[in-house]
Amino acid sequence: DGGITQSPKYLFRKEGQNVTLSCEQNLNHDAMYWYRQDPGQGLRLIYYSQIVNDFQKGDIAEGYSVSREKKESFPLTVTSAQKNPTAFYLCASDTGGRWSTDTQYFGPGTRLTVL
Amino acid sequence: AQSVAQPEDQVNVAEGNPLTVKCTYSVSGNPYLFWYVQYPNRGLQFLLKYITGDNLVKGSYGFEAEFNKSQTSFHLKKPSALVSDSALYFCAVRVTNSNSGYALNFGKGTSLLVTP
């Protein structure tokens, strides 16, 4: 899991609530990513950020929001608009760049369950 | 669009036997391919990657992968499986289009079960 921390490890949410998942990295990486993992579907990209104060929607951004105020931090908010938020959420980072061949490193994940 | 496919949901192998986990890719241009492993309720751990050069890539924990351009494959292999290799394995390709930045596009994963 390297230098990426995610908290909390487990999170329970009532319907209609917004929750925020934390992701911090000490790898001095420019790029950070949020993926969602569902059984049998692999990982799907939610949001990504190539640089501080800039971020872009991924393939499944609806119902989610992010911020990137610091290089080290990339929190993900799961809003009440997300219809089916129960999933395993993974944060990742790498050096970024158009032809980046560098390895992308992952945090330990947060398991979100809607009650 | 850059994508990978893992045709097997599960692979079963006896301990000590060689193992192969299959991955095929669809990429315009040169592919940047990766293998990761995931243990239950954990993040993904990097195993190896192919960028260019030698078609046989060696990685962590005794794993290796063979890049085959003519068959558009990047199969993960290990000469002798261990029970502790039992996990979920993901193949991934670096995406290089404006919609996804430079994220990874993952296959659906293959569950490897090594029996004693």
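Structure first, text after, so check above.
For the structure given in this document, a descriptive report is provided here.

Let us now look at the pattern of salt bridges. A full pass over the atoms with the stated rule returns seven salt bridges over all chains. Its salt-bridge partner being Glu66(B), residue Lys77(B) comes within 3.4 Å of it at the nearest N-O pair. A residue pair is termed long-range when its members are at least 10 positions apart, and Lys77(B) in strand β9 (residues 73-78) and Glu66(B) in strand β8 (residues 64-68) qualify at 11 residues. Glu66(B) sits in the partly exposed class, given a relative accessible area of 37%. Each of Arg36(A), Asp38(A) and Arg44(A) takes part in one network of salt bridges that share partners.

It is worth spelling out the interface of chain A and chain B at this point. Contacts between chain A and chain B engage 30 residues on the former and 25 residues on the latter. Overall, the association of chain A and chain B removes approximately 2200 Å² of surface from exposure, summing both partners, and the carbon and sulfur fraction of that is 50%. At the junction of chain A and chain B, the tally comes to one salt bridge. Two residues, Asp94(A) and Arg94(B), come together in a salt bridge whose shortest N-O distance is 2.9 Å. Elements supplying a minimum of two residues to the side of chain A that touches chain B: β4 (31-37), β5 (43-51) and β9 (87-94) of chain A. Here the element with the most residues in the side of chain A that touches chain B is β5(A); it accounts for four residues. In the side of chain A that touches chain B, the residues fall into 11 nonpolar, 11 polar and eight charged.

Our next topic: the packing of aromatic side chains. The tally for this structure, following the rule as stated, stands at 15 aromatic pairs over all chains. The interplanar angle of 65 degrees and the centroid separation of 5.9 Å between the aromatic rings of Tyr64(A) and Tyr89(A) together place this pair among those described as edge-to-face. Placement of Tyr64(A) in strand β7 (residues 64-66) and of Tyr89(A) in strand β9 is noted, with a sequence separation of 25 residues between them. Tyr89(A) carries the same exposure label as Tyr64(A), and that label is buried. Ring geometry for Tyr50(B) against Phe67(B): centres 4.0 Å apart, planes inclined by 10 degrees, an arrangement best described as stacked. Taken together, the residues Tyr50(B) in strand β6 (residues 44-50) and Phe67(B) in strand β8 connect sequence positions 17 residues apart. Site record: aromatic cluster; members linked through ring pairs are Tyr33(A), Tyr35(A), Phe106(A), Phe34(B), Tyr36(B), Phe46(B), Phe90(B) and Phe106(B). Over the ring of Phe74(A) we find Arg68(A), and its NZ or CZ is 6.0 Å from the ring centre.

What counts, and at which threshold
- Residues numbered from 1 in each chain as written.
- Chains lettered and ligands numbered in written order.
- Predicted model: local features only at pLDDT ≥ 70, side-chain atom pairs only at ≥ 80, totals over all residues.
- Heavy atoms only, no water.
- Salt bridge = Lys/Arg side-chain N within 4 Å of Asp/Glu carboxyl O.
- Helix = DSSP H or I, 4+ residues; strand = E, 2+ residues; numbered from the N terminus.
- Buried < 20%, exposed > 50% of the residue type's maximum accessible area, 1.4 Å probe, protein only.
- Contact = heavy atoms within 4.5 Å.
- Buried area = accessible area lost by both parts, 1.4 Å probe.
- Nonpolar A, V, L, I, M, F, W, Y, C, P; charged D, E, K, R; others polar.
- Phe/Tyr/Trp six-rings, centres within 6.5 Å; stacked < 30°, edge-to-face > 60°.
- Lys NZ or Arg CZ within 6 Å of the ring centre and 35° of its normal.

Worth remembering: the numbers are spatial, not functional.
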